[in-house]
Amino acid sequence: MADPPGCCSTCATCLLCPYSCQWITAKKEKRKGLRTTKYDCCWFLFLFCVFLFTLFWLYCAIIILNDFHNFNEFIFRQRKVWLDWSLVLLIATAVLISYSSVLLVLALCLQLCGQPLKLHWVHKILLILTALVVAAAFTGLGIKWAEEWKSARISLQATGPFLHIGAVGGMTLLAWPLASFIYRTRSTGNPLRALHCHCGWCPASCHPAEQHGVQQWQQVSSVVVKPALAPTYGFPLCSFPSADGVPFLMHDEELTRTTNVQAVFPERAALNSTAFNWTDLQQLDAGSWFLERRPFPTVQSLSPGDREEAAKQRIPSLEQALEAAKQSNISIMFDLRPENHSDYQNFVNVTLGVILRSGIPLQQVLWLPDGFREDVKQQAPGVQHVYGRKRVENEREPVLHVNLPYQEMSSEEIRQYRQDNISVNLYVVNQPWLFSVLWCSGVSSVTTNACQVLKEMKHPIWLLPSSTYFMIWIVIDCVSFLIIIWAFVLMK
């Protein structure tokens, strides 16, 4: 068998060294009579499967970045150590996918050069470890964070066309080493089977442009965001009562993550925030942690003046937040915690008193807690009630506002709610691709940690009508089909 054109012994040696750990030339290899055995083909197939497995995990890792702040908070509550674990996830995934990709490219190049695929035992062990690590990652995701599988399904509405193009491109590139393998081994099988497999590929059915034409896209009416990053249309708040009855704003039930309570009150640091009176709470630094732990990448863009201002922050009271909302003419949606407290009804009454005394228009207040909702309707009839559940049949009073995780509402449900004049707010939406999908579905508003990104979006990403996408699909598949035929003819 003659050497392939352009494949010199030096190139063959450079390919064999990292793949097989053998410094041998093509001629020496032939003299030894080594060939690619069925055993070697099985290891190549395993390598290819590990590559696809790791590539799928990379896709899932990118998707779950939207919700990774919740994972960081979960780890902090368990270990009391703050770290942006998304960087660890991406670095580890990049190492695994790079390793399997390099080995796969080397194997394909060796096949084109007519060299044996003798995978070294070290690579075999590392590939097995890679598969086990990725399998463990998927297992942990399914056990501890199962709702992310719904996120992956939603992402197909945005990434379907790109996955389709990537798959067609990959199949086209694989046609060359496949043709080389078939003709070199003089297989009796029909090489056109590969073409048959290729023609069976169909366009992605989840692309939003196929489900909703450009004319059907609606602009989201508001973006409800967490207030730490930038001024926006509305604030979602978590309100707690202090020990002396002053409602204040706090996300966590404890103070250790976002304040210096361990330095000021070390013996009481582990207590619930409601165990502190308002005087104690005002002694805590609630801004420096943001600069030190950098929970969001936007911290790096803060000016020296902004950093100085952030370091001076104290825990705000609900009264202060309502005053700011009244002056800025924005809405506030807040929850009241802890819900399981024995004196929760008194918390509700105290909070309502603060709202009524603030003078804020009640239509700007979106009430989320379910406890004692009837009392709230009697004391403050103008408050807008938001429900953290889907509507049910035979609802006694019409549900006009719902607030749910974005995984729990399908595009069809969102459109139906909007047709029935029900406002839909979904949380937490941080990535532009997810915001675009929900925008196209007709969602009323979203809760986000990345308002500085989403507020700059003037329209959804990928404004692609279904007819245009269909034409792209036909052209790409036809071109790929012709290239595959050419590869088999040329290699023959």
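Since we're looking at a predicted model, the values are computed, not measured.

**Topic: helix α15 (residues 344-358)**
Side chains three or four residues apart in an α-helix point the same way, a direct result of the helix having 3.6 residues per turn.
Thinking step 1. Taking 1.5 Å as the rise per residue, α15 with 15 residues should run 21 Å; its terminal C-alpha atoms sit 21 Å apart, in good agreement.
Thinking step 2. Every buried residue belonging to α15 is among Tyr344, Phe347, Val348, Thr351, Leu352, Gly353, Val354, Ile355 and Ser358, and all of these are buried.
Thinking step 3. Each element contacted by the buried residues of α15 is listed here: β2 (234-241), β3 (247-249), α14 (318-328), β4 (331-336), β5 (365-367) and α16 (373-379).
Thinking step 4. Within two residues after α15, glycine 359 carries a phi angle of roughly 80°, on the positive side.

**With respect to unusual backbone geometry**
Thinking step 1. Proline 338 follows arginine 337 through a cis peptide bond whose omega is -5°.
Thinking step 2. Turning to its location among the elements, proline 338 is positioned in the loop between β4 and α15.
Thinking step 3. Following tyrosine 427, the chain continues into valine 428 via a peptide bond in cis, with omega recorded as -15°.
Thinking step 4. Within the secondary structure, valine 428 is located in the loop between β8 (423-427) and α18 (432-441).
Thinking step 5. Even without being a glycine, lysine 80 presents a positive backbone phi close to 60°.
Thinking step 6. Phi at asparagine 421 takes a positive value of approximately 60°, unusual for a residue other than glycine.
Thinking step 7. Tracing the backbone shows asparagine 421 in the loop between α17 (411-419) and β8.

**Regarding the packing of helix α4 (residues 68-79) against helix α5 (residues 85-112)**
Thinking step 1. Where α4 meets α5, the closest approach of the two axes is 9 Å, and the angle between their N-to-C directions is 115°. Compared by their axis directions, α4 and α5 come out roughly perpendicular. Residues Phe68, Phe71, Asn72 and Ile75 of α4 touch α5, and the partners they reach there are Trp85, Ser86 and Leu89.
Thinking step 2. Residue composition of the contact of α4 with α5, grouped by class: five nonpolar, two polar and no charged.

**Concerning the UniProt feature "transmembrane region" (unreviewed entry) in the chain**
Thinking step 1. UniProt's entry tags residues 41-65, 85-113, 125-143, 163-183 and 468-489 with the feature "transmembrane region" (unreviewed entry), counted in the numbering of this structure.
Thinking step 2. Secondary structure across residues 85-113 comprises 97% helix and 0% strand; the distance between its end C-alpha atoms is 42 Å.
Thinking step 3. In residues 468-489, helix accounts for 100% and strand for 0%; the two terminal C-alpha atoms are 32 Å from one another.

**Notes on a nonpolar patch on the surface**
Thinking step 1. Judged by side-chain polarity, Trp121, Val122, Ile125, Leu126, Ile128, Leu129 and Leu132 come together as a nonpolar surface patch covering roughly 640 Å² of accessible area.
Thinking step 2. Within the secondary structure, valine 122 is located in helix α6 (residues 121-144).

**Comments concerning the packing of aromatic side chains**
Aromatic ring pairs are defined here through the distance separating the ring centres and the angle between the ring planes.
Thinking step 1. In this structure the tally under the stated criterion is 18 aromatic pairs.
Thinking step 2. Measuring from ring centre to ring centre gives 5.8 Å for phenylalanine 265 and phenylalanine 276, while their planes differ by 50°; the resulting arrangement is tilted. Of this pair, phenylalanine 265 sits in the loop between α10 (261-264) and α11 (278-281) while phenylalanine 276 sits in the loop between α10 and α11, and the two are 11 residues apart along the sequence.
Thinking step 3. Phenylalanine 265 gets classed as buried once you look at its relative accessible area, which sits at 10%.
Thinking step 4. Taking 5.4 Å as the distance between ring centres and 50° as the angle between the ring planes, the aromatic pair formed by phenylalanine 435 and tryptophan 439 counts as tilted.

**Overview of the pairing of strand β9 (residues 445-448)**
Thinking step 1. Of the two faces of β9, the one lined by Ser445 and Thr447 and the one lined by Val446 and Thr448 are each fully buried.
Thinking step 2. Remark: the β8/α18/β9 crossover connection has right-handed handedness.

**Considering the pattern of salt bridges**
Thinking step 1. The tally for this structure, following the rule as stated, stands at 13 salt bridges.
Thinking step 2. Between aspartate 40 and lysine 118 there is a salt bridge; the shortest N-O distance is 2.8 Å. A residue pair is termed long-range when its members are at least 10 positions apart, and aspartate 40 in helix α3 (residues 38-64) and lysine 118 in the loop between α5 and α6 qualify at 78 residues.
Thinking step 3. Look at aspartate 40 and you get buried, because its relative accessible area is 7%.
Thinking step 4. Residue lysine 390 pairs with glutamate 413 through a salt bridge whose shortest N-O separation is 2.9 Å. Of the two residues, lysine 390 is situated in the loop between β6 (384-385) and β7 (401-405) and glutamate 413 in helix α17; the sequence distance between them amounts to 23 residues.
Thinking step 5. One continuous salt-bridge network, built from bridges that share partners, spans Glu73, Asp252 and Arg257.

**Considerations on the packing of α3 against α5**
Describing two packed helices takes the angle between their axes plus the distance from one axis to the other.
Thinking step 1. In the contact formed by α3 and α5, the axes pass within 9 Å of each other and the chain directions differ by 150°. In terms of their interaxial angle, α3 and α5 are classed as roughly antiparallel. Considering the relative orientation of α3 and α5, their crossing is left-handed. Residue-level contacts link Phe44, Leu47, Phe48, Val50, Phe51, Thr54, Leu55, Trp57, Leu58, Ala61 and Ile64 of α3 to Leu89, Thr93, Leu96, Ile97, Ser100, Ser101, Leu103, Leu104, Ala107 and Leu108 of α5.
Thinking step 2. Across the contact of α3 with α5, the residue classes tally to 17 nonpolar, four polar and no charged.

**Section: the nonpolar core**
Thinking step 1. Ranked by internal contacts, the top residues of the largest apolar core, which has 26 residues, are Leu426 and Leu438.
Thinking step 2. Looking at this core, the elements that each hand over two or more residues are α3, α7 (148-184), β7, α17, β8 and α18.
Thinking step 3. Broken down by element, the residue count for this core peaks at six residues, all from α18.
Thinking step 4. Not counting residues within four places of it along the chain, the set of residues in contact with leucine 426 comprises Leu404, Pro405, Tyr406, Met409, Ile414, Leu438, Val443, Ser445, Val446 and Thr447.
Thinking step 5. Within the second largest apolar cluster, 24 residues are counted, among which are Phe235, Leu249, Tyr344 and Leu352.

Here is what the cut-offs are and how they apply
- Residues numbered from 1 in each chain as written.
- Predicted model: local features only at pLDDT ≥ 70, side-chain atom pairs only at ≥ 80, totals over all residues.
- Heavy atoms only, no water.
- Helix = DSSP H or I, 4+ residues; strand = E, 2+ residues; numbered from the N terminus.
- Expected span 1.5 Å × (residues − 1).
- Buried < 20%, exposed > 50% of the residue type's maximum accessible area, 1.4 Å probe, protein only.
- Contact = heavy atoms within 4.5 Å.
- Axes fitted to C-alpha atoms, helices over the stretch in contact; angles between N-to-C directions.
- Parallel < 35°, antiparallel > 145°, perpendicular 65-115°, else oblique.
- Nonpolar A, V, L, I, M, F, W, Y, C, P; charged D, E, K, R; others polar.
- UniProt positions renumbered as here; feature names shortened; annotations may be inferred.
- Patch = residues over 30% accessible without salt bridge, like charges linked within 9 Å, V, L, I, M, F, W, Y side chains within 5 Å.
- Areas by Shrake-Rupley, 256 points an atom, 1.4 Å probe, with all protein chains shown as cover.
- Salt bridge = Lys/Arg side-chain N within 4 Å of Asp/Glu carboxyl O.
- Phe/Tyr/Trp six-rings, centres within 6.5 Å; stacked < 30°, edge-to-face > 60°.
- Right-handed = clockwise from strand over helix to strand, strands pointing away.
- Left-handed = near helix turned anticlockwise from the far one by under 90°.
- Core = buried A, V, L, I, M, F, W, Y, C linked by side-chain atoms within 4.5 Å.

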